[in-house]
Amino acid sequence: MALKASPEIQALLLDLQAIDTRLAQLEHRAKTLPEHAALAELGGQADELRKDLLEKLGSLEDARIELKRIESDVELVEARIRRDTERLDASSSVKDVQGLEAELTSLRKRQSDLEDIELAVMERVEEAEAAEREARTRLDDVAEKVKALEADRDAALEGIRGEQQHANANRQTIVGRVPDDLLALYERQRERYGAGASLLQYGVSSASGVKLNESDLAEIRAAAPDDVLLCPTSNAILVRTSESGL
């Protein structure tokens, strides 16, 4: 037996379709908020900045290790100079004195060379520290932008969720007035074809935007007002009103 429903009940499907269209729009809006793209871009920047920061930290650590090594070498040379100086002061042997003086001259040359290297490495450490601070500042700046964008995104999503809740509440009210068999047909057609109900307005199906041909219109005119019809162009339930032009 063909499905039947009063014109008034069928008209409710147009309200239901409007709500479902609005819900689909809200879902699309939630997925395509500009904050999503901006956050993705900043996420890429943050990844690059973290990689750069790790490289800067590695360079800084290498420079500090080298500085410690040179400082250790300097300390060893200084200790040998102190030892040889004490031995020189206590020695009475001309041969020993000559040997110690020669060794002290060599050690002081070595000490001077090491101190020059130490200064150069200290400069490298300072430069590496400055580069690390700069990289960390850039990363912190991006993190602040991310935090602000996330707040904007969350606020926008909260607004969308509010609209969705309101629309779903209205939907439930309408669903409660639509017979189960008619509702099942509406949901099936909407899932399959994208629209569950279509208004026939002056011969044009709102779901497809196509004007129906005369043979289709003739069949529609011949149908009883409570017959549930499917649109030949969109496969949605075709709702007839005083605007249908029949």
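This text goes with the structure placed above it.
A short tour of the structure in this document, coming up. (Residues numbered from 1 in each chain as written. Predicted model: local features only at pLDDT ≥ 70, side-chain atom pairs only at ≥ 80, totals over all residues. Heavy atoms only, no water.)

For the chain, the helix and strand inventory stands at five helices and five strands. Reading the secondary structure of the chain in the N-to-C direction produces α-α-α-α-β-β-β-α-β-β. Computed over the C-alpha atoms, the radius of gyration of the chain is 42 Å, more than 25% above the 18 Å expected from 2.2 N^0.38 for a compact globule of 246 residues. Out of the 246 residues belonging to the chain, those deemed buried represent 32%. (Helix = DSSP H or I, 4+ residues; strand = E, 2+ residues; numbered from the N terminus. Rg over C-alpha atoms; globule rule 2.2 N^0.38 Å. Buried < 20%, exposed > 50% of the residue type's maximum accessible area, 1.4 Å probe, protein only.)

Before going further, it helps to examine the packing of helix α1 (residues 7–31) against helix α3 (residues 94–175). It is at 10 Å that the axes of α1 and α3 come closest, and there the two elements cross at 160°. Considering the angle they form, α1 stands roughly antiparallel to α3. The element α1 and its partner α3 pack so that their crossing is left-handed. Where α1 approaches α3, its residues Leu12, Asp15, Leu16, Ile19, Asp20, Arg22, Leu23, Leu26, Glu27, Arg29 and Ala30 are matched on the opposing element by Leu157, Ile160, Glu163, Gln164, Ala167, Asn168, Asn170, Arg171, Ile174 and Val175. (Axes fitted to C-alpha atoms, helices over the stretch in contact; angles between N-to-C directions. Parallel < 35°, antiparallel > 145°, perpendicular 65-115°, else oblique. Left-handed = near helix turned anticlockwise from the far one by under 90°. Contact = heavy atoms within 4.5 Å.)

A separate point is the pattern of salt bridges. Counted by the stated rule, this structure contains 25 salt bridges. For the salt bridge of Arg22 with Glu163, the shortest nitrogen-to-oxygen distance reads 2.6 Å. Separated by 141 residues along the polypeptide, Arg22 in helix α1 and Glu163 in helix α3 bring together distant segments of the chain. The exposure class assigned to Arg22 is partly exposed, which follows from its relative accessible area of 32%. For Glu163, a relative accessible area of 30% translates into the label partly exposed. The salt bridge involving Glu187 is made with Arg190; its shortest N-O contact spans 2.8 Å. (Salt bridge = Lys/Arg side-chain N within 4 Å of Asp/Glu carboxyl O.)

On to helix α5 (residues 214–222). Among all positions in α5, only Asp216, Leu217 and Ile220 are buried. Buried positions in α5, seen along its axis, are confined to an arc of 95° and lie on one side of it. In α5, the exposed positions angled more than 90 degrees off the buried face are occupied by Glu214, Glu219 and Ala222. Along its buried surface, α5 packs onto β1 (197–201), β4 (229–230) and β5 (237–240). (Arc of directions from axis to C-beta.)

With that out of the way, let us pick up the nonpolar core. Counting 18 residues, the largest nonpolar core has Leu13, Leu16, Val178, Leu182, Tyr186 and Ile237 as the members making the most contacts within it. Among the elements of the structure, α1, α3, α4 (180–193) and β5 are those that each provide at least two residues to this core. A total of five residues in this core trace back to one element, the largest contributor, which is α1. The next biggest cluster of nonpolar side chains, apart from the first, holds 13 residues, and it includes Ile70, Ile81, Leu104 and Val121. (Core = buried A, V, L, I, M, F, W, Y, C linked by side-chain atoms within 4.5 Å.)

Among the five residues in β1, four count as buried, and that is most of the element. In this sheet, β5 lies alongside β1 in parallel orientation, the contact comprising four bridges. What sits directly across from Ser198, in β5, is Leu238. Pairing of β1 with strand β2 (residues 204–205), which is carried by two bridges, proceeds in the antiparallel orientation. The residue bridging Leu200 from the neighbouring strand is Ser205, located in β2. A loop of two residues connects β1 with β2, the two strands running antiparallel in sequence, and Tyr202 in this loop sits at a positive phi of about 55°. (Pairing = 2+ DSSP bridges.)

At their nearest, the axes of α1 and α4 sit 11 Å apart, and the two run at 40° to each other. Taken together, the axis directions place α1 and α4 in an arrangement best described as oblique. Here the hand of the crossing between α1 and α4 comes out right-handed. In this structure, α1 uses Ile9, Leu13, Leu16, Gln17 and Asp20 to contact α4, whose residues at the interface are Leu182, Leu183, Tyr186 and Arg190. Of the residues assigned to the contact of α1 with α4, the class counts are six nonpolar, one polar and two charged. (Nonpolar A, V, L, I, M, F, W, Y, C, P; charged D, E, K, R; others polar.)

A word on unusual backbone geometry. You will see that Tyr202, though not glycine, has its phi angle at about 55°, which is positive. Checked against the element boundaries, Tyr202 lands in the loop between β1 and β2. Judged by its relative accessible area of 55%, Tyr202 is exposed. Within the chain, Asn235 stands out as a residue other than glycine whose phi angle is a positive 65°.

Purely geometric numbers; function is a separate question.
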